[in-house]
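If you want the building blocks of each chain, they are given just below.
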Amino acid sequence: MTAAPSLRDPATPLWWGTIVLRWVTLAFALAAVVVHHGEYVRPWLAWSAFGAMVVWTCATTVAYMRPLGRTTWFVVLDVALTCAIMLTSPATLSQAQYDQIAPLVTTVWAAVPPLVAGVRCGAVGGVSAGLVMALCTGIARLDVNLDVARDGVLLTASGLLLGITATTARRSQAALARAMRTEAATAERERLARSIHDSVLQVLARVRRRGSDLGGEAAELARLAGEQEIALRALVSTEPSCHADDDTADLRSALRLLATSRVQVAAPASEVPMPAQAVSELVAVVKETLSNVDKHAGPSARAWVLLEDLGEEVVLTVRDDGPGIPAGRLDQAAAEGHLGVATSVRGRVAELGGTSLLDTTPGEGTEWEFRVSRPKAGRKAR
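Residues numbered from 1 in each chain as written. Predicted model: local features only at pLDDT ≥ 70, side-chain atom pairs only at ≥ 80, totals over all residues. Heavy atoms only, no water.

Some words on the packing of aromatic side chains
Link 1 in the chain: Within the structure shown, the criterion is met by 6 aromatic pairs.
Link 2 in the chain: Relative to Phe50, the ring of Trp47 has its centre 6.2 Å away and its plane inclined at 85 degrees; by these criteria the two rings are edge-to-face. With a gap of 3 residues between them, Trp47 and Phe50 both fall in helix H2 (residues 43-64), about one helical turn apart.
Link 3 in the chain: With a relative accessible area of 12%, Phe50 lands in the buried category.
Link 4 in the chain: A centroid spacing of 5.6 Å and a plane angle of 80 degrees characterise the contact between Trp73 and Phe74, whose relative ring orientation is edge-to-face.
Link 5 in the chain: Owing to a relative accessible area of 11%, Phe74 belongs among the buried residues under this scheme.
Link 6 in the chain: A connected cluster of aromatic rings, assembled from ring pairs, spans Trp15, Trp56, Tyr64, Trp73 and Phe74.
Link 7 in the chain: Over the ring of Trp304 we find Arg319, and its NZ or CZ is 4.6 Å from the ring centre. (Phe/Tyr/Trp six-rings, centres within 6.5 Å; stacked < 30°, edge-to-face > 60°. Helix = DSSP H or I, 4+ residues; strand = E, 2+ residues; numbered from the N terminus. Buried < 20%, exposed > 50% of the residue type's maximum accessible area, 1.4 Å probe, protein only. Lys NZ or Arg CZ within 6 Å of the ring centre and 35° of its normal.)

Topic: the pairing of strand E8 (residues 366-373)
Link 1 in the chain: Of the two faces of E8, only one is covered, namely that formed by Thr366, Trp368, Phe370 and Val372; the face formed by Glu367, Glu369, Arg371 and Ser373 stays uncovered.
Link 2 in the chain: Relative to E8, strand E6 (residues 313-320) runs antiparallel, the two sharing 8 bridges. In the strand pairing of E8, Val318 is matched with Trp368.
Link 3 in the chain: Bridge analysis of strand E7 (residues 355-360) against E8 gives 6 bridges, and the strand direction is antiparallel. Paired with Ser356 across the bridge in E8 is Phe370.
Link 4 in the chain: Counted between consecutive antiparallel strands, the loop separating E7 from E8 contains 5 residues, among which Gly363 sits at a positive phi close to 90 degrees. (Pairing = 2+ DSSP bridges.)

Details of the nonpolar core
Link 1 in the chain: Counting 36 residues, the largest nonpolar core has Trp15, Tyr64, Met86 and Met133 as its most contacted members.
Link 2 in the chain: Among the elements of the structure, helix H1 (12-35), H2, helix H3 (72-86), helix H5 (112-141) and helix H6 (146-214) are those that each provide at least two residues to this core.
Link 3 in the chain: With near-sequence residues (within four places) excluded, Trp15 lies in contact with Asp9, Tyr64, Arg70, Val75, Val116, Val119, Arg120 and Arg170.
Link 4 in the chain: Ranked by size, the runner-up nonpolar core spans 26 residues in total, among them Ala249, Ala254, Val305 and Val314. (Core = buried A, V, L, I, M, F, W, Y, C linked by side-chain atoms within 4.5 Å. Contact = heavy atoms within 4.5 Å.)

Things to note about the sheet that holds strand E5 (residues 303-309)
Link 1 in the chain: Read across the open sheet, the 5 strands follow the order E3-E5-E6-E8-E7; overall the sheet is mixed. Of all the strands in the sheet, the pair left with one neighbour each is strand E3 (263-266) and E7. Along the sheet, successive strands turn relative to each other by an average axial angle of 10 degrees, direction set aside.
Link 2 in the chain: Where helix H9 (residues 276-296) meets the sheet, its contacts fall on E3, E5, E6 and E8, and the angle it forms with E6 comes to roughly 10 degrees. (Axes fitted to C-alpha atoms, helices over the stretch in contact; angles between N-to-C directions.)

In short, the description is geometric, and any link to function would need to be established separately.
Written out as structure tokens, the structure is:
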């Protein structure tokens, strides 16, 4: 199968942007230290703080250049260390500088961590880091005034905006990756379908026609060939049912594989996504029901499987034209230890939080109706 090309992290340009911005703001911090050198109470502490900023800028540059270094714990350390350097300002700045609202030791260099947190952890991470930086700014300023409030708004807003941007980019990347995988799978399936149609399906169709004409034992072979032809056509025409990225599967595709010459499957034209485990259990329920049709309704009985997608729930109906189930037969079977219906059918549906309804009348066939609620589609996406 042709593999879909791998895609890089869509937030990579944002990471590089934070690296460049950190170096630009570091240069601004250097200019601020040089200009206010003579006004500091402890100039050596100001230069020490700047030295720590240089070292940490180099460390974050090396880390954020590679995907392996862009971890959550490192971003948290980035926020914590920036706050620690900022909180040296009360021991560095003089009262005159506070009166003049001189810049803190870190100046605009402290604005980068909320951006990094937004890129790594989304809007929640960016806003949280911005609030932490705003709180530390108020502590370092020894006051809460209009300037502190303005800085807090800018810090949280910048973290929020970059967080939304990064999250949107990653969701778009995931959608693109799913589309590319689906396209690759569809192309491979079409290639296999053409190959099988030109060889295996034609042979099975010929065996079915010739066996039906000859009759006798050949007719039985024709019937088996016809069933295999139907199953193979359903297999090559059915889209992949599993989505490994979110652990869901397409119930419609899984049920279509159960179609035979005696079993007809009707389903919506579009996918019916559900958790993979639920799809597996529902398919097992239908298989058990069809198995009971083979055992108790005879080889000539036909069955119909209907799948309905009602949005909040799916409805599965399995009906046959057999002789039906006599009254009390299921209770008698359970008392005798035959728990196929109780466990393999009703038990599975009950574990999924669904309901099972049996409608049967002797001589008029049997109809099962299974209703299972679907998870809220938007809950996980949010």
